[in-house]
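# Descriptive structure summary
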Amino acid sequence: MTSPRFIFLFMAATCAVLMGVGLYLEHVVGLEPCPLCVMQRIFFILVGVVALIAGIQAPGKRGRRIYGVVLLLLAAAGAATAGRQVYLQTVPAEELAACLPSLDYMMQALPFQEIIRLVLHGTADCAEVNWTLFGLSIPEWSLLAFVLLMALSLVKIFRRR
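Residues numbered from 1 in each chain as written. Predicted model: local features only at pLDDT ≥ 70, side-chain atom pairs only at ≥ 80, totals over all residues. Heavy atoms only, no water.

## A short note on the overall build of the chain
Defined as follows: The way it works is that DSSP assigns letters per residue, a run of H or I at least four long becomes a helix, a run of E at least two long becomes a strand, and they are numbered from the N terminus. Contact definition: two residues touch when any of their heavy atoms are within 4.5 Å. The protein chains shown are the only cover counted for residues, whose accessible areas, like all others here, come from Shrake-Rupley with a 1.4 Å probe.
Across its full length, the chain holds 7 helices and 2 strands. Reading the secondary structure of the chain in the N-to-C direction produces α-α-α-α-α-α-β-β-α. A separation threshold of at least 6 residues defines the contact pool for the chain, and within that pool the share at least 24 residues apart is 81%. As presented, the chain carries roughly 9200 Å² of accessible surface, and 68% of it is formed by carbon and sulfur atoms.

## Some details on the nonpolar core
Where we set the bar: Nine residue types can take part in a nonpolar core, namely buried Ala, Val, Leu, Ile, Met, Phe, Trp, Tyr and Cys, and a core is a set of them joined through side-chain atoms within 4.5 Å. Note on exposure labels: buried denotes an accessible area under 20% of the residue type's maximum, exposed denotes more than 50%, and partly exposed covers the range between, all computed with a 1.4 Å probe on protein chains only.
The biggest cluster of nonpolar side chains holds 23 residues, and the ones touching the most others in it are Met11, Phe44, Val47, Leu71, Phe146 and Leu149. Contributing elements (two or more residues each) for this core: helix H1 (4–29), helix H2 (35–57), helix H3 (61–88) and helix H7 (138–158).

## Let's talk about the confidence of the model for the chain
For clarity, the threshold we go by: How sure the predictor is of each residue is captured by pLDDT, a score from 0 to 100.
The predicted model of the chain has a mean per-residue pLDDT of 82, with 81% of residues at 70 or higher. For the chain, the element scoring lowest by mean pLDDT is helix H6 (residues 124–127), at 62; H2 scores highest, at 90.

## Some remarks on the UniProt feature "transmembrane region" (unreviewed entry) in the chain
Our working rule: UniProt positions are given in the numbering used here, feature names are shortened, and annotations may be inferred rather than shown by experiment.
The sites that UniProt annotates as "transmembrane region" (unreviewed entry) are residues 7–26, 38–56, 68–87 and 141–158. When the span residues 7–26 is considered, its composition is 100% helix and 0% strand, and the gap between its end C-alpha atoms is 29 Å. Regarding residues 68–87, the helix share stands at 100% and the strand share at 0%, and the terminal C-alpha atoms are separated by 28 Å.

## Looking at the pattern of salt bridges
Note the cut-off: What makes a salt bridge here is a side-chain nitrogen of Lys or Arg within 4 Å of a carboxyl oxygen of Asp or Glu, nothing more.
Taken as a whole and assessed by the stated rule, the structure comprises 1 salt bridge. Across the salt bridge formed by Glu26 and Arg41, the nearest N and O atoms sit 2.6 Å from each other. A residue pair is termed long-range when its members are at least 10 positions apart, and Glu26 in helix H1 and Arg41 in helix H2 qualify at 15 residues. Neither residue differs from the other here; Glu26 and Arg41 are each classed as buried.

## What about unusual backbone geometry?
At Ala58, a residue that is not glycine, the phi angle is positive and equals roughly 50°. One can find Ala58 in the loop between H2 and H3. When its relative accessible area of 39% is taken as the criterion, Ala58 is described as partly exposed.

## Observations regarding the side chain of Ser153
When you line up the elements, Ser153 lands in helix H7. Among the residues examined, Ser153 registers a relative accessible area of 0% and is labelled buried. Every residue in contact with Ser153, bar those within four places of it in the chain, is listed here: Met11, Gly68, Leu71 and Leu72.

## A short note on H1
The condition that has to hold: Any helix carries an expected span of 1.5 Å times its number of residues minus one.
Here H1 is 26 residues long and its end C-alpha atoms lie 36 Å apart, about the 38 Å a rise of 1.5 Å per residue gives. Those residues of H1 that fall on the buried side of the exposure criterion are Pro4, Ile7, Phe8, Met11, Ala12, Thr14, Cys15, Met19, Gly22, Leu25 and Glu26. As for H1, its buried residues are in contact with H2, H3 and H7.

Here you go:
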């Protein structure tokens, strides 16, 4: 259960389950993801794909550390995105922009740097809490998941086996 391959595959499976939950909430429950939610999904996909590749490859000690660093950076970026959304949920709605154009429109009409700036700035859409589980909102659960993924990445980096 603690083999290097198992941990990488566990990380990949965790990301797959989280994406499944996100898609369920979107398509079955009817919650529309905001741009920050979409960015978090992208980071879950990236972490999952890298972890799956590492799990299939079963690299040696040096390779495990390299994969661990890459996974740590991706999970940290996802945690920063989720943390930003958690922060936005604490800001009064009047201080936030009303809404952004759709992500599809922004991808066609704006330069990439401007899209990132607008998305990270956040809107009232990103600050809405539409669903909770055990008192935690979706971005709070995402933040916890990214912290777990970061911890597992650190295990891969510093484990001496």
